[in-house]
Amino acid sequence: ATPTAVMVATGKGASLGVLIKGGNALEKAQKVKTIVFDKTGTLTIGKPAVVSSVLFSEVSMKDFCDLTIAAEANSEHPIAKAVVKHAKRLTQQYGSENDHFTEVKDFEVHPGSGVSGKIGEREVLVGNKRLMSLFNVPLGHEVDRYVSENEKLARTCVLVAIEGRAAGAFAVTDPVKPEAALVISYLHSMNISSIMITGDNWATATAIAREVGIQKVFAETDPLGKADKIKELQLQGTIVAMVGDGVNDSPALVAADVGMAIGAGTDVAIEAADVVLMKSNLEDVVTAIDLSRKTMSRIR
Ligand code: ADP
Ligand code: MG
C-alpha cells in the first residue's frame, strides 16, 4: 500500500476505535484465514463472579475464608479478585473481623494454575486441579463431583487446600460477551475460521466454545504453549490472527501474523499487538479486517 493509503486507513481505524500500528499489519489483516481467540477477557466479559462455594472438610468457615483471602490478596488474576470479594462477603456474614488477615510467607504464583503460600503455620493452595496435583493433594469423589458439575455449566472451579487437604471450593462464572456468537458466525460467512485457546480446563472451555459457536478448542495451554499453537497453524500454511487481553497472551500475539489486543486488557498485551480494539468489542475484529480489505483492493 502507498503511504497515503495506509495513513488514510489507519486514520479511519483510529476514528472507529481500532488502532492499527503501521502498514504491515494493515496489509496482512485482509489475508487472515484463521482467528484464534483467548477465552477469559476476550470471548468472555472478563469480570468473573463466584456463584457458589462449598466446604469439603471440617475446616471452619472463618478459616476457609480468611486463609483464601490471605492467599489470593496478592494475585492480580481476575479470578482471584472474584474469590476474595466473595470470601470477604462470607466473613462479614459469619461475623469475622475482616481487617487483619495474616501475612503470607513463601507466596508463589503458578501461572495458569493458581497461588501457594504459608499463612501462619499452614500451607495454603488456591487454584485449579492442576495446582492440586502439582502439590499431590488427593481429591475425593465429593470434589470431583462438584468440579465436573460446575464445569459442565461453563463455570471455572477454584479449589482451596489447607495443609495438603482439599478444604473447599468456589465456582466462578464469567459470561460470554453479547456480540461473541454473532462475530464468530459473521467471520464464518467471510470464510474465516475461529479457534479458542485458553489456560482454563477442557470442560469449561468446551462449554464456553459451544455457547459462542466455536468448534475447535485448545485448553489447558500455558503462555508459551499458546504461541506454539499459533506457529503450528502457520506451518499448516494459514495466515493467523490472535485476539487476546492478558499477559499470558502476549507471546501468542507476537507470534501471530496479526496480533489484536482487547483495549481493556493488560498493557503487556496492548504493546505486543499490531492492532488494538479500543472499545473491547469483538465486532471490531471484523472492522479491522474490512478496513484492510477495502484499503488493499483500492490499491490494486
Ligand atoms: P486464560 O487463558 O483463559 O486467560 P489463565 O491462563 O489466566 O486463563 O488461567 C488458567 C486457569 O488457572 C484459570 O482458569 C484458573 O483455574 C487458574 N488460575 C490462575 N490463576 C489463579 C488464581 N490466582 N487463583 C485461582 N485460580 C487461578
Ligand atoms: Mg485472557
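Since this is a predicted model, take the numbers as computed values, not measurements.

Novice: Help me understand the packing of helix 4 (residues 61–72) against helix 5 (residues 78–93) in this model?
Specialist: Packed helices, taken two at a time, are described by the angle their axes make and the gap between the axes. Close contact between helix 4 and helix 5 brings their axes to 9 Å; oriented N to C, the two are set at 150°. Once helix 4 is placed against helix 5, the crossing between them reads as left-handed. For the pair helix 4 and helix 5, contact is made by Met61, Lys62, Cys65, Asp66, Thr68, Ile69 and Glu72 and by Ala80, Val83, Val84, Ala87, Lys88, Leu90 and Thr91, respectively.

Novice: For this particular structure, what's the right way to read the environment of Ile270?
Specialist: Within the secondary structure, Ile270 is located in helix 12 (residues 267–272). With 20 C-beta atoms counted inside 10 Å, the residue Ile270 sits in the buried group. Taking the C-alpha atoms as reference points, Ile270 and Val247, 23 residues apart in sequence, are found 9.3 Å from one another. If we skip the residues at most four places from it in the chain, Ile270 touches Ala261, Gly265 and Val276.

Novice: Please explain the site of ligand 1 as it appears in this structure.
Specialist: In the region of ligand 1, 22 residues are neighbours, and Thr40, His77, Asn128, Gly199 and Asp200 sit closest. Those elements that provide at least two residues to the shell around ligand 1 are helix 3 (39–43), helix 5, strand 5 (114–119), strand 6 (122–127) and strand 7 (156–162). Considering only residue class, the shell around ligand 1 consists of five nonpolar, 13 polar and four charged. Counting contributing residues, the shell around ligand 1 receives three or more from each of domain 1 (3–46 + 176–299) and domain 2 (49–173).

Novice: Help me out: how do you make sense of the environment of Gly117 in this one?
Specialist: For Gly117, the location among the structural elements is in strand 5. By the C-beta count within 10 Å, which is 22 here, Gly117 ends up buried. In the structure, Gly117 is positioned 45 residues away from Glu72 in sequence and 9.5 Å away in space, judged by C-alpha atoms.

Novice: Teacher, can you tell me more about helix 8 (residues 180–189) here?
Specialist: An α-helical turn contains 3.6 residues, so any two residues separated by three or four positions project in the same direction. Among the residues of helix 8, Ala180, Val183, Ile184 and Leu187 are the ones counted as buried. The buried residues of helix 8 occupy an angular sector of 100° when the element is viewed end-on, so they sit on one face. Exposed and oriented more than 90 degrees from the buried face of helix 8 are Ser185 and Ser189. Following helix 8 by one or two positions, Asn191 adopts a phi angle in the positive range, close to 70°.

Novice: In this structure, what is going on with the nonpolar core? I would like to understand it.
Specialist: Proteins that are soluble and globular tend to have nonpolar side chains buried together. The biggest cluster of nonpolar side chains holds 50 residues, and the ones touching the most others in it are Met242, Met260 and Val275. Setting aside residues up to four positions removed in sequence, Val275 forms contacts with Val18, Leu19, Ile20, Lys21, Ala25, Val258, Met260 and Ala288. Within the second largest apolar cluster, 36 residues are counted, among which are Val83, Leu125, Ala161 and Ala167.

Novice: I keep staring at the confidence of the model for the protein and nothing clicks. Help me out?
Specialist: Interpreting fine coordinate detail is not advised for predicted regions of low pLDDT. Chain-level pLDDT for the protein is 94 on average; 97% of the residues reach the 70-or-more range. If you check the scores for this complex, the pTM reads 0.89 and the ipTM reads 0.95.

Novice: How should the domain arrangement of the protein be read in this particular structure?
Specialist: When the parts of a complex come together, some accessible area is lost, and that lost area is often used as the size of the interface. When the domains of the protein are assigned, the result is domain 1 (3–46 + 176–299) and domain 2 (49–173). Taking the mean C-alpha position of each, domain 1 and domain 2 sit 32 Å from one another. Each side of the interface is counted separately: domain 1 has 13 residues, and domain 2 has 12 residues. Per element, the largest residue contribution to the side of domain 1 that touches domain 2 is five residues, and it comes from helix 9 (residues 202–212).

Novice: Teacher, can you tell me more about the packing of helix 7 (residues 141–152) against helix 9 here?
Specialist: Contact geometry of helix 7 with helix 9 gives a least axis separation of 8 Å together with a crossing angle of 15°. Judged on the interaxial angle alone, helix 9 and helix 7 are roughly parallel. At the point where helix 7 passes helix 9, the crossing takes the right-handed sense. Within the contact between the two elements, helix 7 uses Ser148, Glu151 and Lys152 and helix 9 uses Ala203, Thr204 and Ala207. Across the contact of helix 7 with helix 9, the residue classes tally to two nonpolar, two polar and two charged.

Novice: Is there a simple way to think about the sheet that holds strand 3 (residues 49–55) in this case?
Specialist: On the basis of which strands lie adjacent, the open sheet formed by six strands has the order 3-8-7-6-5-4 and antiparallel pairing. On the outer flanks of this sheet lie strand 3 and strand 4 (104–110), each paired with one strand and no other. Averaged over all pairs of adjacent strands, the angle between strand axes in this sheet comes to 15°, irrespective of strand direction. Of the strand pairs in this sheet, strand 7 and strand 8 (residues 165–173) are connected by seven bridges, and their pairing is antiparallel. By the bridge assignment, Ala161 is partnered in strand 8 with Ala166. Against the sheet, helix 5 contacts strand 3, strand 7 and strand 8, and its axis sits at roughly 65° relative to strand 3.

The rules behind these values
- Residues numbered from 1 in each chain as written.
- Chains lettered and ligands numbered in written order.
- Predicted model: local features only at pLDDT ≥ 70, side-chain atom pairs only at ≥ 80, totals over all residues.
- Axes fitted to C-alpha atoms, helices over the stretch in contact; angles between N-to-C directions.
- Helix = DSSP H or I, 4+ residues; strand = E, 2+ residues; numbered from the N terminus.
- Left-handed = near helix turned anticlockwise from the far one by under 90°.
- Contact = placed C-beta atoms within 7 Å.
- Buried ≥ 20, exposed ≤ 12 C-beta atoms within 10 Å, placed from the backbone.
- Near = placed C-beta within 6 Å.
- Nonpolar A, V, L, I, M, F, W, Y, C, P; charged D, E, K, R; others polar.
- Domains from an automatic or database assignment.
- Arc of directions from axis to C-beta.
- Core = buried A, V, L, I, M, F, W, Y, C linked by C-beta atoms within 7 Å.
- pLDDT = per-residue confidence, 0-100.
- Parallel < 35°, antiparallel > 145°, perpendicular 65-115°, else oblique.
- Pairing = 2+ DSSP bridges.

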